[in-house]
Protein chains: 4
Amino acid sequence: MLKVLRVLSSSTAKFRSHICTRDALSMYAFTHITRFSTATQKFSVKGPSSHQVYASFDIFKGKAALSLTPVLPTFTKLESGSLVVDRRGSVMLKFTPAIGERKYDWEKRQMFALSATEVGALISLGPNDSCELFHDPSMKSSNAGQVRKSLSIKPHADGSGYFVSLTVVNNLLKTRESFSVPVTTAEFAVMKTACSFALPHIMGWDRLTNKMPAGGGGGGGQESKAVPQLLEEWDR
Amino acid sequence: MLKVLRVLSSSTAKFRSHICTRDALSMYAFTHITRFSTATQKFSVKGPSSHQVYASFDIFKGKAALSLTPVLPTFTKLESGSLVVDRRGSVMLKFTPAIGERKYDWEKRQMFALSATEVGALISLGPNDSCELFHDPSMKSSNAGQVRKSLSIKPHADGSGYFVSLTVVNNLLKTRESFSVPVTTAEFAVMKTACSFALPHIMGWDRLTNKMPAGGGGGGGQESKAVPQLLEEWDR
Amino acid sequence: MLKVLRVLSSSTAKFRSHICTRDALSMYAFTHITRFSTATQKFSVKGPSSHQVYASFDIFKGKAALSLTPVLPTFTKLESGSLVVDRRGSVMLKFTPAIGERKYDWEKRQMFALSATEVGALISLGPNDSCELFHDPSMKSSNAGQVRKSLSIKPHADGSGYFVSLTVVNNLLKTRESFSVPVTTAEFAVMKTACSFALPHIMGWDRLTNKMPAGGGGGGGQESKAVPQLLEEWDR
Amino acid sequence: MLKVLRVLSSSTAKFRSHICTRDALSMYAFTHITRFSTATQKFSVKGPSSHQVYASFDIFKGKAALSLTPVLPTFTKLESGSLVVDRRGSVMLKFTPAIGERKYDWEKRQMFALSATEVGALISLGPNDSCELFHDPSMKSSNAGQVRKSLSIKPHADGSGYFVSLTVVNNLLKTRESFSVPVTTAEFAVMKTACSFALPHIMGWDRLTNKMPAGGGGGGGQESKAVPQLLEEWDR
């Protein structure tokens, strides 16, 4: 009998018996997890709770689960009415250790937030490339240097995917945690495509689209005002 | 005399006389077919029927037709006002056997819904790669294992495209159905590009865009609330 | 003295003295040209003229100009309220012959509308690939076969771009017109990227995005209705 | 102790002590910088200042900083209600020299606005390709030829990224300024992805999306009007 789990079916038709069921996923989705969207935006107008959306991409494997969620930038509105990026967006990676068959210990999850440039590193990885990224979550505080996180993405020897691993060394707690999640080529293609989609959004560039007024409703017809930046590079 | 059918013109200028006309397509579009869009969303506000859109990508060939349609995820609204993905989206593949010149038997169509990861498998296929995917549509029911669907994508020997095939073995009905549709490089490029476009949508990540308030209308100015996920990964 | 024309600057810093100025472009933009957008949609609500947008991508060269514009599909609204694609979208190519330095004869322009699959052929062209496409604009009329259009895209021998050529043979008028536009790698990259962007739109798949209600405004909470297509492929 | 600056962390884990802090970035964001969005649109309805968004992608290095911002096209509304592109959009590059550790002299910044085709040159660069672009910002004025800007993008010998350099020679002021910013593979991937995203927007093609009415609200049902362009290429 062939069982293919709904949220986990692999493109290579190799299925593991120890991966998580949908129920575990639902629990995960409801109780923990990144919020994305306007909850993190200063000018959120409908209250923080009304805007949250839970839509992570989850890879459940035998020893750990890896979850990706986009986090939008926040903006501050200036007195002039202009918006300026306040906090940069990211793609949040979450690692959760397995504690039995199809069970994960959400209390022990660890996070690593990819900046725009680190997303660039991920989406430019060739099939034989690897990369390693380091974070100090206490940077700029008195605990700077006490916690060290390192994320590594290394290709499988046979080119069939990658190992995505996180190590968190905490000198304050004297702990060292490691997570490693094998990611298939198909799963990595989803990660790349989703991160490429998310990248302009976490940079705030999707404002290009959102800010364009509908053609029919525009005022139109008024004279163009000189735009300084264009005066300086007039030939464009 | 050269005849090029409107919906079916090939980029290689090889045209088949047995392919379907626009009329067949229209019939197909109106009578059968996947609905996508908010009809599948729990919080659809204008009634399920008012929101449906029929816009499949259809490949009509001599022995069968292959049709692709995106299916959006459904969301459940929590009491807090947050949305959580309830049912994952997919890209629905439909195979319909030909029963004569330019005629297809829509009653005998079979479906295969690609999950996000399976879409990842499709869009990461190189020109000489193949992949095979298995589904059990009765999984978790008492009929689990009785029906087996397998989808295979195999490259033509000369690199000019792929065979996309579906086999459905039904042990309950003692039936075995097979469909095979040759797909040109140009048609596969459409499939890849359309699936890459659809992927963030079926994952629910396009909410990133939809949820962003228009800059001019935002409240703005209020203090930022600490966002737990960022506190835990403060350096990003 | 180096002159770089604003709308025509090449990435290779080779500029031609016979290419068109911005003024010619403006004239072109105002007087001729494809409309895209809701003007071609049956359910256009604000009248056909209020919705038109002129935003072609233009390549002006010595002997002819090539212009690309997306054309959206049209939809028909069924009594149920559903929308079905009525006329497929396309990417319209327009060729206009030069009649002197920086002058083009817009009366003699010829058009070739790329279907989704033909767009797939264009965007999947490798640097050494070529393709040829044939259209009969009078197909299905009494003049079928009397006019033959062929579009060819052929790589330059040195890999620095393509020749994009259109030939229109009209047996009724006893005419034969040919246009050939050399396209640089940079210009072709724009064509590919813009066509990849346009593809889901001309297929009607961007409705995925447009139809999603804002999270905050959704009704939510009602029970999910069984969706037939998913019942048939329940495991997804 | 490992310090990773929030906005500047490199994917290769090589960090420089002389790069800019977030504070410098904020100052930069508030005081100078490109506005994108409807501020540059003639039919901006809410006043020019209310629509500005500051969301550049910044690469801070030891000798100079490079900043990218999309600039939308402007449209003019015709009496018919149609919109026509008035000024083409661009991706604005800004180079700012360093004047000490983590300090940049914003008064001495120089700009170079990439047209759609020049964006095409950037996004089609292979890992070993280079390109050079020339602008004359005084073109068509009495100072034509007096100022010459040249942008070059050259790969590192080891394939680990590019040097992006700008030289501005001003014969009027008898000055010559040069900027060179080493860009990692990860940073260049962000530039490519963001520029590919921006390209349809600076061309005005995103109007395709914005102009589509919501399905439920459309009028629908009225007869289709013949669309001239399609009559001429009827087979599409």
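Keep in mind the model is a prediction, meaning the values are calculated, not measured. (Residues numbered from 1 in each chain as written. Chains lettered and ligands numbered in written order. Predicted model: local features only at pLDDT ≥ 70, side-chain atom pairs only at ≥ 80, totals over all residues. Heavy atoms only, no water.)

Asks: Explain the overall build of chain A here, please?
Replies: Of regular secondary structure, chain A possesses five helices and 12 strands. The contacts of chain A with a sequence gap of at least 6 include a subset with a gap of at least 24, amounting to 50%. Of the roughly 8800 Å² that chain A leaves accessible, carbon and sulfur atoms contribute 51%. (Helix = DSSP H or I, 4+ residues; strand = E, 2+ residues; numbered from the N terminus. Contact = heavy atoms within 4.5 Å. Areas by Shrake-Rupley, 256 points an atom, 1.4 Å probe, with all protein chains shown as cover.)

Asks: I tried to follow the side chain of Ser67 of chain B on my own but got confused; where do I start?
Replies: When you line up the elements, Ser67 of chain B lands in strand S3 (residues 64-71). A polar contact of 3.1 Å, which involves the side chain of Ser67 of chain B, links it to the side chain of Asp58 of chain B. (Polar contact = N/O pair within 3.5 Å; in protein donor to acceptor, adjacent residues only side chain to side chain.)

Asks: I'm lost on the sheet that holds strand S11 (residues 161-170) of chain D in this one. Help?
Replies: The strands that make up a sheet pair up through hydrogen bonds in the backbone, lying either parallel or antiparallel. Residues and elements named next belong to chain D. Spatially, four strands are ordered S9-S10-S11-S12 in an open sheet, and the strand pairing comes out antiparallel. The open sheet has two free edges, formed respectively by strand S9 (131-135) and strand S12 (175-184), since each of these has just one partner strand. Direction aside, the axes of adjacent strands within the sheet are offset by 10 degrees on average. Here S9 pairs with strand S10 (residues 147-155) via five bridges, running antiparallel. (Pairing = 2+ DSSP bridges. Axes fitted to C-alpha atoms, helices over the stretch in contact; angles between N-to-C directions.)

Asks: Can you walk me through helix H2 (residues 116-123) of chain D in this structure?
Replies: For the α-helix, the turn length of 3.6 residues means that residues three or four positions removed from each other point alike. With eight of eight residues buried, H2 of chain D lies mostly within the body of the structure. When we look at burial in H2 of chain D, the residues that qualify are Ala116, Thr117, Glu118, Val119, Gly120, Ala121, Leu122 and Ile123 of chain D. (Buried < 20%, exposed > 50% of the residue type's maximum accessible area, 1.4 Å probe, protein only.)

Asks: What is the right way to read the packing of aromatic side chains from this model?
Replies: Aromatic ring pairs are described here by two measures, namely the spacing of the ring centres and the angle between the planes. For the structure on display, the rule yields 16 aromatic pairs over all chains. Ring centres of Phe60 of chain B and Tyr104 of chain B lie 5.3 Å apart, and the angle between their planes is 55 degrees; this geometry places the pair in the tilted category. Of the two residues, Phe60 of chain B is situated in strand S2 (residues 57-60) and Tyr104 of chain B in strand S7 (residues 103-104); the sequence distance between them amounts to 44 residues. Tyr104 of chain B sits in the buried class, given a relative accessible area of 6%. Where Tyr104 of chain B meets Trp106 of chain B, the ring centres are 5.9 Å apart and the plane angle is 40 degrees; that geometry is what we call tilted. Judged on exposure class, the residue Tyr104 of chain B and its partner Trp106 of chain B are both buried. Members of the aromatic cluster, connected to one another through ring pairs, are Phe60, Tyr104 and Trp106 of chain A. (Phe/Tyr/Trp six-rings, centres within 6.5 Å; stacked < 30°, edge-to-face > 60°.)

Asks: Hey, could you run me through the sheet that holds strand S4 (residues 74-77) of chain D in this one?
Replies: The sheet built from three strands is open, its strands ordered S1(C)-S5(D)-S4(D) with mixed pairing. Pairing within the sheet leaves two strands with one partner each, and these edge strands are strand S1 (53-54) of chain C together with S4 of chain D. Where S4 of chain D lies against strand S5 (residues 83-87) of chain D, four bridges are found, and the strand directions are antiparallel. The residue bridging Phe75 of chain D from the neighbouring strand is Val85 of chain D, located in S5 of chain D.

Asks: I would appreciate a short explanation of the pairing of strand S11 (residues 161-170) of chain C in the present structure.
Replies: Along any regular strand, the residues point their side chains to alternate faces of the sheet. Residues and elements named next belong to chain C. Judged by how many residues are buried, S11 sits mostly within the fold: eight of 10 residues are covered. In terms of strand pairing, strand S10 (residues 147-155) meets S11 through nine bridges, oriented antiparallel. Bridge pairing links Ser152 to Ser165 in S11. Counting the residues in the hairpin turn of S10 and S11 gives five residues, including Gly159, whose phi is positive at 75 degrees. In this sheet, strand S12 (residues 175-184) lies alongside S11 in antiparallel orientation, the contact comprising 10 bridges. Directly across from Val169, in S12, lies its bridge partner Arg176. Joining the antiparallel neighbours S11 and S12 is a turn of four residues, in which Lys174 adopts a positive phi near 55 degrees.

Asks: Teacher, can you tell me more about the packing of helix H3 (residues 185-203) of chain A against helix H3 (residues 185-203) of chain D here?
Replies: When two helices pack together, their arrangement is captured by the angle between the axes and the distance separating the axes. The geometry of H3 of chain A relative to H3 of chain D is characterised by a closest axis approach of 9 Å and an angle of 85 degrees between their N-to-C directions. Put simply, H3 of chain A runs roughly perpendicular to H3 of chain D. Between H3 of chain A and H3 of chain D, the contacting residues are Ser196, Leu199, Pro200 and Met203 of chain A on the first element and Val190, Thr193, Ala194 and Phe197 of chain D on the second. A class-by-class count of the residues in the contact of H3 of chain A with H3 of chain D yields six nonpolar, two polar and no charged. (Parallel < 35°, antiparallel > 145°, perpendicular 65-115°, else oblique. Nonpolar A, V, L, I, M, F, W, Y, C, P; charged D, E, K, R; others polar.)

Asks: Honestly, the nonpolar core in this entry has me stumped. Any pointers?
Replies: It is characteristic of soluble globular proteins that their nonpolar side chains tend to be buried jointly. Counting residues in each nonpolar core, the largest one holds 172 residues, and the members touching the most others are Leu66 of chain A, Leu66 and Val91 of chain B, Leu66 and Val91 of chain C together with Leu66 of chain D. If sequence neighbours within four positions are ignored, Leu66 of chain D has contacts with Phe57, Asp58, Ile59, Leu93, Lys94, Phe95, Val164, Val181, Val183 and Met191 of chain D. (Core = buried A, V, L, I, M, F, W, Y, C linked by side-chain atoms within 4.5 Å.)

Asks: Explain the pattern of salt bridges to me, please; I cannot follow it from the model alone.
Replies: Opposite charge on two side chains allows them to pair when their charged atoms are near. Counted under the stated rule, the structure contains eight salt bridges over all chains. Across the pair Asp58 of chain A and Arg88 of chain B runs a salt bridge whose closest N-O atoms are separated by 3.5 Å. Taken together, the positions of Asp58 of chain A in strand S2 (residues 57-60) and Arg88 of chain B in the loop between strand S5 (83-87) and strand S6 (90-100) put the pair across two chains. On the basis of relative accessibility, which here comes to 25%, the residue Arg88 of chain B falls in the partly exposed class. (Salt bridge = Lys/Arg side-chain N within 4 Å of Asp/Glu carboxyl O.)

Asks: Would you explain the confidence of the model for chain A in this entry?
Replies: Low pLDDT marks regions whose predicted coordinates should not be analysed in detail. Residues and elements named next belong to chain A. With 66% of its residues at a pLDDT of 70 or more, chain A has an overall mean of 73. Within chain A, no element has a lower average pLDDT than helix H1 (residues 22-31), which sits at 31, and none a higher one than helix H2 (residues 116-123), at 98. Note that pLDDT drops below 50 for residues 1-50; the model gives that stretch 161 contacts with residues more than four away or on any other chain. Across residues 210-232 the pLDDT falls below 50, and counting only partners more than four positions away or on other chains, this stretch makes 54 contacts in the model. (pLDDT = per-residue confidence, 0-100.)

Asks: When you look at the environment of Ser152 of chain C in this model, what are you seeing that I'm missing?
Replies: All names here are of chain C. With respect to the helices and strands, Ser152 occurs in strand S10. The class of Ser152 is buried, set by a relative accessible area of 10%. The contact partners of Ser152, leaving out residues within four places of it in the chain, are Cys131, Glu132, Phe163, Val164 and Ser165.

Asks: Please explain unusual backbone geometry as it appears in this structure.
Replies: Excluding glycine, most residues fall at negative phi; most peptide bonds, likewise, are trans. Residue and element names in this part refer to chain C. Phi at Lys140 is positive, roughly 75 degrees, even though this residue is not glycine. Secondary-structure assignment places Lys140 in the loop between strand S9 (131-135) and S10. Here the phi dihedral of Lys174 falls at roughly 55 degrees; this positive angle occurs in a residue that is not glycine. Within the secondary structure, Lys174 sits in the loop between S11 and S12. Judged by its relative accessible area of 73%, Lys174 is exposed.

Asks: How do you make sense of helix H3 (residues 185-203) of chain C when you look at a structure like this?
Replies: All names here are of chain C. The first and last C-alpha atoms of H3 sit 26 Å apart over 19 residues, in line with the 27 Å expected at 1.5 Å per residue. Along H3, the largest kink reaches about 30 degrees and is centred on Phe197; proline Pro200 follows within four residues of it. A large share of H3 lies buried, amounting to 15 of its 19 residues. (Expected span 1.5 Å × (residues − 1). Bend = angle between axes of the 7 residues up to and from the residue.)

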